[in-house]
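Here's the letter readout for the chains.
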Amino acid sequence: MMRTVYVNGEYLPEDEAKISIFDRGFLMADAVYEVTSVLDGKLIDFDGHAVRLERSLRELDMTAPCTKDELLEIHRKLVEENGIVEGLVYLQVTRGSDGDRDFVFPDPDTKPGIVLFTQNKPGLANSPASQKGAKVISIDDIRWGRRDIKTVQLLYPSMGKMMAKKAGADDAWMVEDGYVTEGTSNNAYFIKNGTIVTRPLSNDILHGITRKAVLRLAEEAQMQIEERLFTIDEAKEADEAFTTSASAFVMPVVEIDGVQLGDGTPGPIAKRLREIYLDESRKTAI
């Protein structure tokens, strides 16, 4: 089915969607994005994504293209128009175009660009991958220093995914100065003796919306949490591990750099966190 997409104020068939070749998102990766999941035809954690989008725009001195209420209306219309029951809504905001290429930012009054599109993902909540668990490898983290801003600069994470695929794994955890930062598109955790360990928030990692929700739910369930730096060797000795992201929720990790965790199947705490998160998300979806 031909999707309806949103481009700079217009709802269009996907094959009619166009942006300027001078758009700075295309030329300079001068753009930010968000991904919101859809379950039962409703948006998951929309408020969190809207707040983070606002922060990303502010950190890059970019102009918001519309209000939060308008953004919600666009999301809902695209979900309805495309018949999304389970899936994703992608949003990208660029600094726009002043009609030419230049390293210098265009005039502050330049209209920002905005595009949104959906992906239909039947079975997203009960994906076979989550029941099997993921295998990850470790790679060097050579990204720029402001990973807390959710920009479209995704070349190295894409390369990391391909490195993992070449190694027969599903994903990669990045390591900087001896410590794990995060996965290529997710936040990273391990569990030892019942304690959940994850890196604390800073400019070094993305401030995950799913991360925030899962840690809150874990605390409410009286699970022990440590936010601290950790090494890949510590993670290899873990009882369990997992990642969190808006598109995969809680994904159990069963192998790190060829080292099997536990019995090589998703552990009980990771499975429980996924269950709790999905239950809570469905209750609060809008």
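A.B. asks: If you had to explain the layout of surface pockets to someone new, which residues and values would you point to?
C.D. replies: One number sums up the size of the second largest pocket: a volume of about 510 Å³. Looking at the second largest pocket, it is lined by 23 residues, and the ones nearest its centre are D45, D47, G48, I209 and K212. Of all the secondary-structure elements, those providing two or more residues to the lining of the second largest pocket are α2 (46–59), α6 (209–220) and α8 (268–284). For the lining of the second largest pocket, the residue count by class is ten nonpolar, five polar and eight charged.

A.B. asks: Describe the pairing of strand β9 (residues 179–183), and please don't skip the residues or the numbers.
C.D. replies: Along β9, four of the five residues are buried, which leaves the element largely enclosed by surrounding structure. When strand β8 (residues 171–176) meets β9, the two strands line up antiparallel, connected through three bridges. Pairing of V175 across the sheet is with V180, part of β9.

A.B. asks: Please set out the packing of aromatic side chains residue by residue, giving values where relevant.
C.D. replies: This structure, assessed with the given rule, holds six aromatic pairs. Geometrically, the ring pair formed by W173 and F230 is edge-to-face, given 6.5 Å between the ring centres and 75 degrees between the ring planes. Highlighted residues: W173 in strand β8 and F230 in the loop between β12 (224–227) and α7 (232–236), separated in sequence by 57 residues. Judged by its relative accessible area of 0%, W173 falls in the buried class. Owing to a relative accessible area of 0%, F230 belongs among the buried residues under this scheme. Considering the side-chain rings of F249 and Y277, the 5.9 Å spacing of their centres and the 40 degrees angle between planes classify their relative orientation as tilted. Of the two residues, F249 sits in strand β14 (residues 249–256) while Y277 sits in helix α8, which places them 28 residues apart along the sequence. The two residues F249 and Y277 agree in class, both being buried. Aromatic rings pair up to connect W173, F190 and F230 into one cluster.

A.B. asks: Please give an account of the pairing of strand β5 (residues 87–94) that cites residues and values.
C.D. replies: Within β5, six of the eight residues are buried, which leaves it mostly tucked inside the rest of the structure. Relative to β5, strand β3 (residues 31–39) is paired through eight bridges, and the arrangement is antiparallel. Residue pairing for β5: A31 is matched across the bridge by T94. Sheet topology places β5 next to strand β6 (residues 113–120); eight bridges connect them, and they run antiparallel. Each bridged residue has a counterpart across the sheet, and for G87 the counterpart in β6 is N120.

Rules of the game
Residues numbered from 1 in each chain as written. Predicted model: local features only at pLDDT ≥ 70, side-chain atom pairs only at ≥ 80, totals over all residues. Heavy atoms only, no water. 1 Å grid on protein atoms, 1.4 Å probe; cavity = no way out; pocket = protein on both sides within 12 Å on 5 of 7 lines; lining within 4 Å. Points joined across faces, edges and corners; volume = space filled by probe spheres on them. Helix = DSSP H or I, 4+ residues; strand = E, 2+ residues; numbered from the N terminus. Nonpolar A, V, L, I, M, F, W, Y, C, P; charged D, E, K, R; others polar. Buried < 20%, exposed > 50% of the residue type's maximum accessible area, 1.4 Å probe, protein only. Pairing = 2+ DSSP bridges. Phe/Tyr/Trp six-rings, centres within 6.5 Å; stacked < 30°, edge-to-face > 60°.

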